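# Chains, contacts and geometry: an overview
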Amino acid sequence: MVRLLHYSDIENLFDDAERAGRFAGRLRERDGEDALVVGTGDNTAPGVVSLAASGRQLLDFADAVGSVADTFGNHDFDYGPDATRGIVADSDLTWVSANTRDEDGDAFGADEGVVPWTIAEADGERVGLFGLTDPTTDSINPQAAALTFTDPYEAAAEAVEELRAEGVDYVVALSHLGGGDDELARRVDVDAILGGHVHSVRTEYVDGTLCTRPGVNGHEFVEVELGADD
């Protein structure tokens, strides 16, 4: 059985160093060979520390907690696409995005290592992870105006098809769609949707698919057991 440790929208967490340390420590405590630590966007900005570090404070955090994958939220472009590319290039984790396009309409950050989906292994099982970003990001964040965000449901369907063909044990969406997670659950065959963007905590099923959100600023994370009876 694989456990997922899901954080998202930690944003201003880094402005409280003591709480950031406690949050990272608790994630490390729950981690193990049967676990995968993942984020679902808005983990580089905003915040005072983020302003000083241009979002790169996430790099130390992700290394400390052993994050394996993350996707882009709208705030992850607060310092412009080039700053985001730099964070990706210097990350040990894998950035996944199936619907983000660069200034030329190509897959964003491909040269730096962004992929539409990835496969991670834990406890002898393979988990396919793909990422989705709110398609209105280019309009709600001026720094992302040069980018485009394609239909997330079409991108998800393609990612799921490819991952199922790879024979993975589970397929999980790392989503920064917010309220769009419900539509995603209805339209694609995934085992879980780990969400963000909306700042309320959520753990519920939509059409038989588990949908989670851990809230904002690192007050909580969600632990999911894939393959559990309930």
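Basis of the calculations
Residues numbered from 1 in each chain as written. Predicted model: local features only at pLDDT ≥ 70, side-chain atom pairs only at ≥ 80, totals over all residues. Heavy atoms only, no water. Core = buried A, V, L, I, M, F, W, Y, C linked by side-chain atoms within 4.5 Å. Buried < 20%, exposed > 50% of the residue type's maximum accessible area, 1.4 Å probe, protein only. Helix = DSSP H or I, 4+ residues; strand = E, 2+ residues; numbered from the N terminus. Contact = heavy atoms within 4.5 Å. Patch = residues over 30% accessible without salt bridge, like charges linked within 9 Å, V, L, I, M, F, W, Y side chains within 5 Å. Areas by Shrake-Rupley, 256 points an atom, 1.4 Å probe, with all protein chains shown as cover. Salt bridge = Lys/Arg side-chain N within 4 Å of Asp/Glu carboxyl O. Lys, Arg positive; Asp, Glu negative; His and termini not counted. Charge placed at Lys NZ, Arg CZ, Asp CG, Glu CD. Pairing = 2+ DSSP bridges. Axes fitted to C-alpha atoms, helices over the stretch in contact; angles between N-to-C directions. Parallel < 35°, antiparallel > 145°, perpendicular 65-115°, else oblique.

### Let's talk about the nonpolar core
The biggest cluster of nonpolar side chains holds 28 residues, and the ones touching the most others in it are Y7, I10, F23, L27, F61 and W95. Counting residues per element, this core draws most heavily on helix α3 (residues 57-65), at 5 residues. In this view, F61 contacts Y7, I10, L13, F14, F23, A24 and L27; residues no more than four positions away in its chain are not counted. In terms of nonpolar packing, the next biggest core, distinct from the first, is built from 20 residues, F130, L184, I193 and C211 among them.

### Side note on unusual backbone geometry
Residue P46 is reached from A45 by a cis peptide bond, and omega for that bond is 0°. In the Ramachandran plot, D9 falls in the positive-phi region, its phi being about 50° despite a non-glycine side chain. Inspection of the secondary structure puts D9 in the loop between β1 (2-7) and α1 (17-30). D9 sits in the buried class, given a relative accessible area of 0%. Residue N217 is not a glycine yet carries a positive backbone phi of 65°. On the basis of relative accessible area, N217 is assigned to the buried category, the value being 16%.

### Topic: a negative patch on the surface
Together, E158, E161, E162 and E166 make up a negatively charged patch on the protein surface. As for its position among the elements, E162 is in helix α6 (residues 152-165). Classification of E162 as partly exposed rests on a relative accessible area of 33%.

### Observations concerning the sheet that holds strand β11 (residues 201-206)
Sheet strands pair via backbone hydrogen bonds, and the direction of the pair is either parallel or antiparallel. One open sheet holds the 6 strands; their spatial order is β6-β7-β9-β10-β12-β11, and the pairing between them is mixed. Bordering the open sheet on either side are β6 (117-122) and β11, each of which pairs with just one other strand. Neighbour to neighbour, the strand axes of the sheet diverge by 20° on average, direction disregarded. The pairing of β11 with strand β12 (residues 209-214) spans 6 bridges and is antiparallel. In the sheet register, V201 faces β12, and the bridge partner there is P214. Docked against the sheet, α6 engages β6, β7 (125-133) and β9 (170-176), running at close to 165° with respect to β7.

### Re the sheet that holds strand β2 (residues 35-39)
Taken in spatial order, the 5 strands of this open sheet run β4-β3-β2-β1-β13, and their pairing is mixed. Each edge of the open sheet carries a strand with a single partner, namely β4 (94-95) and β13 (222-226). Here α3 sits on the sheet in contact with β1, β2, β3 (67-70) and β4, set at roughly 130° to β3.

### Considering the pairing of β12
For β12, the tally of buried residues reaches 6 of 6 residues, placing the bulk of the element in the interior. Judged by which residues are buried, β12 turns out to be covered on both faces: T209, C211 and R213 on one side and L210, T212 and P214 on the other are all buried. Here strand β10 (residues 192-194) runs beside β12; their pairing, made up of 3 bridges, is parallel. Residue pairing in the sheet places I193 in a bridge with C211 of β12. In this structure, the hairpin formed by β11 and β12 is closed by a connection of 2 residues, where D207 is found at a positive phi of approximately 50°.

### Some points on the packing of α1 against α3
The N-to-C vectors of α1 and α3 enclose an angle of 30°; their axes lie 9 Å apart at closest approach. Taken together, α1 and α3 sit at an angle that is classed as roughly parallel. In this structure, α1 uses F23, A24, L27 and R28 to contact α3, whose residues at the interface are F61, A64 and V65.

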